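Structural overview for review
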Amino acid sequence: MRRAELASEVAATWLRSGKWTPAWLAGVLQHQSELQIKVGAEDRHFMYVGERRPDLIGDVHACGTRRELMPARELFEAIEHHAAPPFLYFTSPLSQLPELLEAAPGWETLPWGSETRGPSGAAAPWAQLWAASAGAITQAHYDVADNTFVQLSGEKEFWIWPPEAHLALHLFPDSHPRSRKAQLDPEAADATRHPLSAALPPPVRLLLSPGDVLRLPGNHNPNPNPNPNPNPNPN
């Protein structure tokens, strides 16, 4: 496993402020009576879907999670003090949490690519908060936007594959509601259901600790074949 090496004075400034801990988040967001979170009673896998797209299926059932409303203080106190399960997962643009945006001065100066687009589709960077219980993971996927990850509390491990690994990961086809996500669980590959998984190379594993910054460029065309998956029944 390798550690991230890209340092950032912006991230160091946020870290030195003493903010961005679960306890601080619980206090500063305590007026948020309820936050929409994802809960995995036993399953620790979470998937990204088009949250603002009512025409897409929700991130439930298929990956063993449910949606729940939870007070902000309860959420972050659970993340800090209680072992999973259940696994808790929360994400939100900072534009919807202005108190947090004010506590992240200089976020616009982090490295961005020209193709980065905000939630509205505008060609502009945006800031997002991710918080989760220890052990929670998101299914392998790729992003079309450039990402700059700033770790401020706890640790997060990234498993990174090259774009040409998309066949072995058995990506959902572009027309599927879970496009850009892998059908394959890299930790429990099933060669019967996903026969190309045998060709999956070992990932580059990066561990981010508080103050570390990782920049991942967007992948705009990893899948030239609209449906390379020979499995006609995606799980």
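Given the structure is predicted, the values throughout are model-derived calculations rather than measurements.

The next subject is the side chain of Asp146. If you trace the backbone, Asp146 turns up in the loop between strand E7 (137-138) and strand E8 (147-150). A residue is classified by how much of its surface remains accessible, and Asp146, at 12% relative accessible area, is buried.

Ranked by size, the top nonpolar core spans 29 residues in total, and within it Trp20, Leu75, Phe76 and Leu100 carry the most contacts. For this core, the secondary-structure elements that each account for two or more residues are helix H1 (9-16), helix H2 (22-28), strand E2 (35-40), helix H3 (72-81), strand E5 (87-93) and strand E6 (128-132). Contacts of Phe76, omitting those with residues within four sequence positions, involve Pro22, Leu25, Ala26, Leu29, Leu35, Phe90, Leu129 and Ala131.

Cis rather than trans, the peptide bond between Ala84 and Pro85 has omega equal to 0°. Tracing the backbone through its elements, the reader meets Pro85 in the loop between H3 and E5. Cis geometry marks the peptide bond from Pro85 to Pro86, where omega comes out at 0°. When you line up the elements, Pro86 lands in the loop between H3 and E5. Positive phi, normally seen in glycine, also occurs at Arg180, with a value near 80°. Summarising the element assignment, Arg180 is placed in the loop between strand E9 (156-160) and strand E10 (204-208).

Turning our attention to the confidence of the model for the protein chain. A residue-level look at the protein chain finds 77% of positions with pLDDT of 70 or above and a mean pLDDT of 80. Of all secondary-structure elements in the protein chain, the lowest mean pLDDT belongs to strand E1 (residues 2-3), at 52, while E9 reaches the highest, 96. Under a pLDDT of 50 for its full length, residues 113-120 has, in the predicted model, 19 contacts with residues more than four places off or in other chains. pLDDT under 50 marks residues 224-235. Its contacts with residues more than four places away, or in other chains, come to 22 contacts.

Thresholds, definitions, all that
Residues numbered from 1 in each chain as written. Predicted model: local features only at pLDDT ≥ 70, side-chain atom pairs only at ≥ 80, totals over all residues. Heavy atoms only, no water. Helix = DSSP H or I, 4+ residues; strand = E, 2+ residues; numbered from the N terminus. Buried < 20%, exposed > 50% of the residue type's maximum accessible area, 1.4 Å probe, protein only. Core = buried A, V, L, I, M, F, W, Y, C linked by side-chain atoms within 4.5 Å. Contact = heavy atoms within 4.5 Å. pLDDT = per-residue confidence, 0-100.

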